[in-house]
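Overview (structure and organization)
Here are the chains, one letter per residue:
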2 protein chains.
Amino acid sequence: MAYKAPVRDLTFFINEVLEIDRYTNQPGFAELSSDLVTQVLEEGGKFADEVIAPINHPGDKEGCHWADGGVVTGPKGWKEAYQAMVEAGWPSLTGDPEYGGQGMPYILGSAFGQFTAGASAAFSMYPGLTAGAYAGIHANASDELKSKYLPKMGSGEWGGTMNLTEPQCGTDLGMVRTKAVPQGDGTYKISGQKIWISAGEHDFTDNIIHTVLARVEGAVPGIKGLSLFLVPKYLVNEDGSLGERNSLMCAGLEHKMGIHGNATCVMQYDEAVGWLIGEEGRGMNNMFVVMNEARLGTGLQGLAIGTAAYQAAVEFAKDRLQGRSLTGPKNPDGPADPIIVHPDVRRMLMEAKAFVEGGQAFILWTALHADLEKSEDEAVATKAKDYMALLTPIVKAYLTDKGFHVASLAMQVHGGSGYTEHFQASQYLRDARITMIYEGTNGVQALDLVGRKLPANGGRAIMTWFGEIDAFVAEHGGEGTHKPFVDGLAEAKKKLQDGTMWLMQNGMANPDNAGAASTDYLNLFGVTALAYMWAQMAITAQKAIDAGSEDPFYATKIATGRYFVERVLPDADMHLKKMKSGAEVLMALPAEAF
Amino acid sequence: MAYKAPVRDLTFFINEVLEIDRYTNQPGFAELSSDLVTQVLEEGGKFADEVIAPINHPGDKEGCHWADGGVVTGPKGWKEAYQAMVEAGWPSLTGDPEYGGQGMPYILGSAFGQFTAGASAAFSMYPGLTAGAYAGIHANASDELKSKYLPKMGSGEWGGTMNLTEPQCGTDLGMVRTKAVPQGDGTYKISGQKIWISAGEHDFTDNIIHTVLARVEGAVPGIKGLSLFLVPKYLVNEDGSLGERNSLMCAGLEHKMGIHGNATCVMQYDEAVGWLIGEEGRGMNNMFVVMNEARLGTGLQGLAIGTAAYQAAVEFAKDRLQGRSLTGPKNPDGPADPIIVHPDVRRMLMEAKAFVEGGQAFILWTALHADLEKSEDEAVATKAKDYMALLTPIVKAYLTDKGFHVASLAMQVHGGSGYTEHFQASQYLRDARITMIYEGTNGVQALDLVGRKLPANGGRAIMTWFGEIDAFVAEHGGEGTHKPFVDGLAEAKKKLQDGTMWLMQNGMANPDNAGAASTDYLNLFGVTALAYMWAQMAITAQKAIDAGSEDPFYATKIATGRYFVERVLPDADMHLKKMKSGAEVLMALPAEAF
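Each chain has its residues counted from 1, following the order in which its sequence is written. Lettering for chains starts from A, numbering for ligands starts from 1, and both go in the order in which the items are written. Side-chain atom pairs in this predicted model are given and counted only at pLDDT of 80 or more, local residue features only at pLDDT of at least 70, and totals for whole chains, interfaces and linings cover all residues. Based on all heavy atoms of the structure, the side-chain values leave hydrogens and waters out of the count.

1. Overview of the overall build of chain A
- Numbered from the N terminus, helices here are DSSP runs of H or I no shorter than four residues, and strands are runs of E no shorter than two. When helices and strands are tallied, chain A shows 18 helices and 11 strands.
- For 594 residues, the compact-globule estimate of 2.2 N^0.38 gives 25 Å, and the C-alpha radius of gyration of chain A, at 24 Å, lies within 12% of that figure.
- Here, two residues are considered to be in contact whenever any of their heavy atoms come within 4.5 Å of each other. Expressed as a percentage of contacts within chain A between residues at least 6 apart in sequence, the contacts between residues at least 24 apart total 72%.
- What sets the accessible areas is the Shrake-Rupley method with a 1.4 Å probe; for residues, cover comes only from the shown protein chains. Here chain A displays about 20400 Å² of accessible surface, and carbon together with sulfur accounts for 52% of that area.
- When charges are counted, neither His nor the chain ends are considered; positive counts come from Lys and Arg and negative counts from Asp and Glu. By convention, the point assigned to a charge is CZ for Arg, NZ for Lys, CD for Glu and CG for Asp. Across chain A, the centroid of the 49 positively charged side chains sits 5 Å from that of the 71 negatively charged ones. Atoms considered for the radius of gyration are the C-alpha atoms alone. The globule rule reads 2.2 Å times the number of residues to the power 0.38.

Have a look at this one:
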């Protein structure tokens, strides 16, 4: 089952839809021509296909190994693949040039991230967690810590992790108990247990730099008493060489439903030496920088697993001969037709394709805005920041829900074969399921959206977003191929606006109304966002056709988008109706009635 | 995580909603008082809770074992639990008294089946497959075969299986290659390979009676050349004692995503001695008897796994302390509130509860009609047969889809804990997923519904069903607690009628339209059927309250149904819109465009 990174789909969106060449005036985009995008994505896709994808399924079957003393080794061949990735320079693609990074925009990193997560979700978490720790240190640590740690983390020579969860708390981090005792020399001694630490220990790198949320002795209880620490596996000497082993270890691996190739560790800190990142008591604020990036990465991961699952389903549907087309044999010389002739199999493949390609576009579109946050044009930067705050929970929750949905459709296309571990459909389904949970469950994302992101700055972000869609609809309204796309978008936006109004009117009066509506509202938002992506793609594709292109890619893109409009957009009204039913039916029962 | 069989919910539906005491004039119901129902269900629930449930999770972790020579052993303790079940007489509950069965109606077996499948889906397949094989033999085999095999199969002393699938064919059984050579003495020699044979080999019983679909040498190709054979693991002597080992064996076990406790076997037949069941060339017709029963059983299984998953989620949501209620602390003395206070957690639990209890009712309602097929009143029997034909694909597909959906919601309630194998949420999710696939994928069910069941007898079944709902709405219309239920049902039925008309008008012109609409149509049907169940339950519950009952069970039932009406019924319109979009957007792309 050969995975192929979706290079063409992504270059289409970056180069043709977003017209990346228009952005050369933005910081970091000076050298980013569409030619360079194509070149980097082709190379990146090749690397994902040839080096990462082959180790994915064997790694799922083998899993990681824990040995006495907390020694963890990855599946066969994973260390070598990791080293090949470091040697090829991929981890440093978007890193800060001041610390040896290549300084390319995040949109490129996001594209490469989609390729690697599709090739192997479990593998991509090793560089993914390092990038998260890098971002946390980069945003808030002292220059000294940054100079000491970022170059080797950026290159991938060292790994990195995020240590938040403890047995008694995941979502509610105010209950963190891990403590930090200041030593008077600028260091702290960190003690406590962290669980579910992805890539917490492994044999791929010489050192692993943990970022750890802990409470300084005597600090206030709750969120405000938390600080963030840098705690390396091996202490680093002044000359950058590795010194003593720090007193921390992996006490065990979690047995999980999926992502078996990633070591999910119980981490034990026993007076381990750590350094404060940023200020005391600002741990959660510092962590949020990382978490927002990690949430985008999780949305990307869920969707990318969907991409791989979709491809596997297509291959199976073309190969498997079973039954005859309802409109007469399509493979008359064979014993049966390939199952791709059956409308219900088509439905599953088209639905998968429509979500996958719409989601890929949405990830890139938001990634562009992540880059534009750094714009020197204040209006551009403000809008980008507003969008990123508003849309991050949607990228995370909607795309992971749909990634899992696509993986389930892909298994269904496989029939009984898909349920056996001989095919990869099971791995995709099992791997995809975690993305709906970690980095804040999708329910937490929905609460973040309605409780924090929507009302921020008097609702400025959503008003800007509605204005953008209105302008788009006004510009592109009228007859033509794109009409159903623009009409569908306008209709979905109207429903989203209706839902937003409902939230404003009813969420204030009773906060439970906001909580009760949150998931359906997020989904209504998600389907509208993807409708916007599909409208843009359809218009660009039609332009290419009008300009004389005979590449069937464009007609396929339009046909896939049409599926989205006809067969997915009806979700919008359904979500609106459900959210408007309010909290009463949800909260009617006392807890003991369950 | 202690599973509790939903005894109260099922006795409520059987005794109070269906008013089972009304049916004493029907064959097999003479002794079935509501008191007896309660007694049998309480005993059955206790058996499921105490004997079967405890082996479920350990069995998932351990799986089955295959050894040289095709010897298969189940997980630790499973053989003992199976023997306890046989000793307690449960397998013979609904068996034909002529062959030692207790002759109780299917509705009781269906209730006990829900208990055991919830306690352990993998375990329940051992008696489940035996019951399937029993039904196939009972319906069509000679009296000689029946006398020889049914008593011990009915008691559970011997196991049974269904052998259909081969590597090149599952759905499309016309391609079966396993051959049968007549020996001139009434026996056949069966040779070939069958795959995915559930309970194909194990150590629980002295003998296993395989029913095998094969092609008699020289028979026509395709479906019409198939015959059904009885092929015992050990030949049975005239006196009923076991004779020689037959030349068949389990060549290996399938590695699957779930139902690890059930041995899914590759079966190798090498001139094994077999006996014809029914007539040559009637294999598929004979198998359909079994398959219809197996499809009901699969719907039941998927839903029952959802029941168990829901219970686990409730337990977790009450125990896990995380965050505070949006409307102020509910557990002020604790470090945080139990997560059941959060509206989005409530949403997941209420959705699970509404599907689980609605589905349980629908299973029992159809089970009653399966019993009424045997009525001496021709009108009653005809209606029952029409309903069973029409509704079997809906029970199978809608309830397994929702069982999986519920299992996924239950995992989500667990957060990260649910993704570890320490909790049972993962097993439920993995176990539930197969029910959407086997016994005919849910897509095949949808095709069966629109292609065969709907048009049969000029649409008589659906017209009767619509008439029943219209009469119900007319009888119960008007103000009262039940108003939203009856109005919701009437509205859903209108949409289902609209969808049915669309199918009649568009499916004839282009069969792809029927195929393209089939899954959404089936789901529209499913949500309407559950709305009907909820309306009946709400009315009965309100009657009990009006009659002075202070049991909170009734108010809880009504509140749960209200969730269904407000939060699930909006699916109806969404499915109608999607199905009406037709085949064009599905079939637009050539296969190579995927």
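2. Some words on the interface of chain B and chain A
- The interface is formed by 93 residues belonging to chain B together with 93 residues belonging to chain A.
- Buried area between chain B and chain A, summed over both chains or domains, comes out near 7600 Å², and the portion from carbon and sulfur atoms is 61%.
- Summed over both partners, the accessible area lost on bringing two parts together, with a 1.4 Å probe, is the buried area. When residues of chain B are sorted by the area they lose upon contact with chain A, Tyr-419, Arg-567 and Phe-594 of chain B head the list and together hold 12% of the total.
- For this scheme, ten residues count as nonpolar: Ala, Val, Leu, Ile, Met, Phe, Trp, Tyr, Cys and Pro. Four count as charged, namely Asp, Glu, Lys and Arg, and the remainder, Gly too, count as polar. Of the residues contributing to the side of chain B that touches chain A, the split by class is 43 nonpolar, 26 polar and 24 charged.

3. Brief notes about the pattern of salt bridges
- Salt bridge criterion: a side-chain nitrogen from Lys or Arg within 4 Å of a carboxyl oxygen from Asp or Glu. With the rule as written, the count across this model stands at 58 salt bridges over all chains.
- The salt bridge involving Glu-584 of chain B is made with Arg-562 of chain A; its shortest N-O contact spans 3.6 Å. Within this pair, whereas Glu-584 of chain B is found in helix α18 (residues 584-587), its partner Arg-562 of chain A is found in helix α16 (residues 552-568), the two belonging to separate chains.
- Between Glu-491 of chain B and Lys-495 of chain B there is a salt bridge; the shortest N-O distance is 3.2 Å. Of this pair, Glu-491 of chain B and Lys-495 of chain B both sit in helix α14 (residues 483-509), 4 residues apart, which is roughly one turn of the helix.
- Throughout, exposure labels follow a simple rule: accessible area from a 1.4 Å probe, protein chains only, divided by the maximum for the residue type, with under 20% read as buried, over 50% as exposed, and the rest as partly exposed. We classify Glu-491 of chain B as partly exposed; its relative accessible area is 37%.
- Accessibility expressed as a relative area gives 17% for Lys-495 of chain B, which makes it buried.
- Look at the salt bridges and you will find they share partners, linking Glu-491, Lys-495, Asp-573 and Lys-577 of chain A together with Glu-491, Lys-495, Asp-573 and Lys-577 of chain B into a network.

4. A word on the relation of the copies chain B and chain A
- Alignment of copies: least-squares fit on C-alpha atoms of residues with pLDDT of at least 70 in both copies. Between the two copies, chain B and chain A, the superposition gives an RMSD of 0.0 Å; the rotation angle is 180° and the shift along the axis is 0.0 Å. What we have between these two chains is a two-fold relation. The position closest to the rotation axis in chain B is occupied by the C-alpha of Met-574 of chain B, lying 3.0 Å away.
- Looking at the interface residues of chain B, 100% of them are also at the interface in chain A, so both copies use one shared face.

5. Focus on the nonpolar core
- By nonpolar core is meant a set of buried Ala, Val, Leu, Ile, Met, Phe, Trp, Tyr and Cys residues that side-chain atoms within 4.5 Å join together. One finds Trp-465 of chain A together with Trp-465 of chain B to be the most contacted residues of the largest nonpolar core, which totals 417 residues.
- Setting aside its immediate chain neighbours within four residues, Trp-465 of chain B contacts Trp-365, Tyr-387, Leu-390, Leu-391, Leu-496, Phe-525, Ala-529 and Tyr-532 of chain B.

6. Section: unusual backbone geometry
- One non-glycine residue, Trp-196 of chain A, lies in the positive phi region at around 60°.
- As for its placement among the helices and strands, Trp-196 of chain A is situated in strand β5 (residues 187-198).
- The backbone phi angle of Asn-457 of chain B is positive, close to 50°, even though this residue is not glycine.
- With respect to the helices and strands, the residue Asn-457 of chain B is situated in the loop between α12 (442-453) and α13 (460-476).

7. Here's the deal with the environment of Ile-197 of chain A
Residue and element names in this part refer to chain A.
- Mapped onto the elements of the fold, Ile-197 is located in strand β5.
- Along the sequence, Ile-197 and His-210 sit 13 residues apart, while their C-alpha atoms lie 9.6 Å from each other.
- Residues in contact with Ile-197, not counting those within four places in the same chain, are Thr-161, Met-162, Asn-163, Leu-164, Ala-263, Thr-264, Cys-265 and Met-267.

8. Thoughts on the pairing of strand β4 (residues 179-182) of chain B
Residue and element names in this part refer to chain B.
- Any two strands between which DSSP finds at least two bridges are classified as paired. Pairing geometry for β4 and strand β5 (residues 187-198), over 4 bridges, is antiparallel. Bridged to Lys-179 within β5 is Ser-191.
- The turn joining β4 and β5, which pair antiparallel and follow one another in sequence, is formed by 4 residues; a positive phi near 80° is taken by Gly-184.
- Here β4 pairs with strand β6 (residues 207-216) via 2 bridges, running parallel. From the neighbouring strand, Lys-179 faces β6, where its bridge partner is Arg-215.

9. Digging into the side chain of Asp-448 of chain A
- The topology assignment puts Asp-448 of chain A in helix α12 (residues 442-453).
- For Asp-448 of chain A, the residues in contact, after removing those within four places along its chain, are Arg-295, Pro-393 and Lys-453 of chain A.

10. A short note on the packing of aromatic side chains
- Pairing of aromatic rings covers Phe, Tyr and the six-membered ring of Trp, with a centre-to-centre limit of 6.5 Å; geometry is then stacked below 30 degrees between planes, edge-to-face above 60, and tilted otherwise. Tallying each qualifying case throughout the model produces 47 aromatic pairs over all chains.
- Consider the rings of Trp-365 of chain B and Trp-465 of chain B, whose centres lie 5.8 Å apart with planes at 75°: the pair is edge-to-face. In this pair, Trp-365 of chain B is assigned in helix α8 (residues 343-372) and Trp-465 of chain B in helix α13, connecting sequence segments 100 residues apart.
- Under the relative-accessibility criterion, Trp-365 of chain B is labelled buried at 3%.
- Given a relative accessible area of 0%, Trp-465 of chain B falls into the buried group.
- Ring centres of Trp-465 of chain B and Tyr-532 of chain B lie 5.8 Å apart, and the angle between their planes is 85°; on these two criteria the pair is classed as edge-to-face. Pair noted here: Trp-465 of chain B is in helix α13 and Tyr-532 of chain B is in helix α15 (residues 511-546), with a separation of 67 residues, a long-range link. Summarising the burial analysis for this pair, Trp-465 of chain B and Tyr-532 of chain B share the class buried.
- The ring centre of Phe-553 of chain A lies 4.0 Å from the NZ or CZ of Arg-8 of chain A, which sits over that ring.
- The ring centre of Phe-404 of chain A lies 5.4 Å from the NZ or CZ of Arg-433 of chain A, which sits over that ring. Counting as a charge over the ring demands two things of the Lys NZ or Arg CZ atom: a distance within 6 Å of the ring centre and an angle within 35 degrees of the ring normal.

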